[in-house]
Amino acid sequence: MTERIVLAYSGGLDTSVAIGWIGEATGAEVIAVAVDVGQGGESLEDIRQRALGCGAVEAYVADARDEFANEYAMPTLKANALYQGHYPLVSAISRPVIVKHLVKAAREFGATTVAHGCTGKGNDQVRFEVGIQTLGPDLKCIAPVRDLALTRDKAIAYAEAHNLPIETTKKNPYSIDQNVWGRAVETGYLEDIWNAPTKDIYDYTATPDFPPAPDEVIISFHQGVPVAIDGVKVSPLHAIQELNRRAGAQGVGRIDVVEDRLVGIKSREIYEAPGAMALITAHKHLEDITLEREQARFKATVSQRWAELVYDGQWFSPLKRSLDAFIEDTQKYVSGDIRMTLHGGQAIVNGRRSETSLYDFDLATYDTGDTFDQSQAKGFIELWGMSSKVASTRDQRVQGL
Ligand code: ARG
């Protein structure tokens, strides 16, 4: 039987050419796998037809938008995960859901190998291959761009020579990856890290120079997940989409960073994630009133480690799973409403309410009616400072010797 390879297919030039390229290099039949994670653009049916037109023997297409929002974006929100304090893991969380579908398609169509279109310089090759190794340990991986010398120039020449149903003239100097959680833009003019991004780079956000009137929004959460916007019930996917629209119109969620890739390279990235950043901001503020202090402090360190694991392609790892269990436990009381103003590129929280809040007005107030016994503070401070005081007395004694 002819060997079969499933290919992660985007519908773009490189992966369209990869169908025939892989076939010629390996003699295998290629099955194209396209997964909708809310990247917009063409319909899955158009993508399926193109894959078949480019020589795929089968095309597997999946609308994974809700799956992505529920099982990948929501855990990221619950973690308030920002790699290096900035990046809400847009591409990093889409790879594992694509991997799931690749492995599923490999099983369905009897393939032995999985192929993806990543280069050898980025994080995504790691995320695909580590994910595939974990979910399908018997499957092999190949990357035509990296392993079969498929360069962009060769791809254009191949597409033209074979009359493939794909445009080869559209010139985009940037490498773009997008889904409903956000958009990542890199390469070209941006590789000079002193160059400011030009307005044409952005698509999910409007330039906040002349912003429209401020937009006030109330986001309601239940156990860490958004369930309503301005009182209207929403699914996680709808919440992200609605806030992409409203926060995007106010220029919220633009990020310009130089980040540390797993492969040891520092790279310039422009992200826009209006919905993700508005949600993370709101969620964090709700945690501020619903998490106990020590739990909140510890969660911040867990969240950082979680973001690093996910960035580094360890979505399916045991440690990530254990951290998920911790994070899930912290979300039990993260329910309530956050009111925020979206304006001029910022999402600023100005009100919060929750049935499970730990904020106690009577303890906090400086007005009459205060229930906090201030006399207890004096003894507490003495004991709290005791160990430092003892050490400092020792230091002074030793220095005086
Ligand atoms: N640097 C980001 C990450 O590793 C984004 C990568 C996006 N890929 C792309 N082809 N633009 O998660």
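Overview of the structure.

Overview of the overall build of the chain
Argument step 1. In terms of helices and strands, the chain carries 14 helices and 14 strands.
Argument step 2. For the chain, the C-alpha atoms occupy an extent of roughly 85 × 60 × 45 Å along the three principal directions.
Argument step 3. When the 401 residues of the chain are sorted by exposure, 47% land in the buried category.
Argument step 4. Within the chain, contacts between residues at least 6 apart in sequence are counted, and of these 73% link residues at least 24 apart.
Argument step 5. Put simply, the chain has 41 plus and 55 minus side-chain charges, and the middle of one group is 3 Å from the middle of the other.

Re the site of the ligand
Argument step 1. Close to the ligand lie 15 residues; Y87, N123, S175, E259 and E269 are nearest.
Argument step 2. One of the side-chain nitrogen or oxygen atoms of S175 is found 2.8 Å away from a nitrogen atom of the ligand.
Argument step 3. Here a nitrogen atom of the ligand and a side-chain polar atom of E259 are 2.7 Å apart.
Argument step 4. Considered on its own, the ligand offers 350 Å² of accessible surface; in the complex 90% of this is hidden by protein.
Argument step 5. Among the secondary structure elements, those contributing two or more residues to the shell around the ligand are α4 (90-109), α5 (124-135), β6 (175-179), β7 (182-186) and β12 (266-272).
Argument step 6. Per-element tally for the shell around the ligand: the top contributor is β6, with three residues.
Argument step 7. Each residue belonging to the shell around the ligand can be placed in one class, and the counts come to six nonpolar, three polar and six charged.

What about the packing of aromatic side chains?
Argument step 1. The full count for this structure, using the stated rule, is nine aromatic pairs.
Argument step 2. Relative to Y311, the ring of Y83 has its centre 3.6 Å away and its plane inclined at 5°; by these criteria the two rings are stacked. One end of the pair, Y83, is in the loop between α3 (65-79) and α4; the other, Y311, is in helix α10 (residues 293-311), and 228 residues separate them in sequence. When sorted by exposure, Y83 lands in the same class as Y311, which is buried.
Argument step 3. Centre to centre, the rings of W306 and W315 are 5.8 Å apart; their planes meet at 75°, and the pair counts as edge-to-face.
Argument step 4. Taken together, the ring pairs connect F68, Y72, W306 and W315 into an aromatic cluster.
Argument step 5. When the ring centre of Y311 is taken as origin, the NZ or CZ atom of R127, which lies over that ring, is 4.9 Å away.

So, the pattern of salt bridges
Argument step 1. Evaluation of the coordinates by the stated rule reveals 30 salt bridges.
Argument step 2. Of the charged contacts, one joins R246 and E242 as a salt bridge, the two residues approaching to 3.6 Å between their closest N and O atoms. With R246 and E242 both in helix α8 (residues 236-249) and four residues apart, the pair spans about one turn of that helix.
Argument step 3. Two residues, K299 and E287, come together in a salt bridge whose shortest N-O distance is 2.8 Å. With K299 in helix α10 and E287 in helix α9 (residues 274-290), this residue pair connects regions lying 12 residues apart in the sequence.
Argument step 4. The class of K299 is buried, set by a relative accessible area of 2%.

Digging into the pairing of β6
Argument step 1. Here five bridges tie β6 to β7, and the two strands are oriented antiparallel to one another. When the sheet's bridge partners are listed, Q178 is paired in β7 with R183.
Argument step 2. Hairpin connection, β6 to β7: the antiparallel pair is bridged by two residues.

Rules used throughout
Residues numbered from 1 in each chain as written. Predicted model: local features only at pLDDT ≥ 70, side-chain atom pairs only at ≥ 80, totals over all residues. Heavy atoms only, no water. Helix = DSSP H or I, 4+ residues; strand = E, 2+ residues; numbered from the N terminus. Buried < 20%, exposed > 50% of the residue type's maximum accessible area, 1.4 Å probe, protein only. Contact = heavy atoms within 4.5 Å. Lys, Arg positive; Asp, Glu negative; His and termini not counted. Charge placed at Lys NZ, Arg CZ, Asp CG, Glu CD. Near = heavy atom within 4 Å. Polar contact = N/O pair within 3.5 Å; in protein donor to acceptor, adjacent residues only side chain to side chain. Areas by Shrake-Rupley, 256 points an atom, 1.4 Å probe, with all protein chains shown as cover. Nonpolar A, V, L, I, M, F, W, Y, C, P; charged D, E, K, R; others polar. Phe/Tyr/Trp six-rings, centres within 6.5 Å; stacked < 30°, edge-to-face > 60°. Lys NZ or Arg CZ within 6 Å of the ring centre and 35° of its normal. Salt bridge = Lys/Arg side-chain N within 4 Å of Asp/Glu carboxyl O. Pairing = 2+ DSSP bridges.

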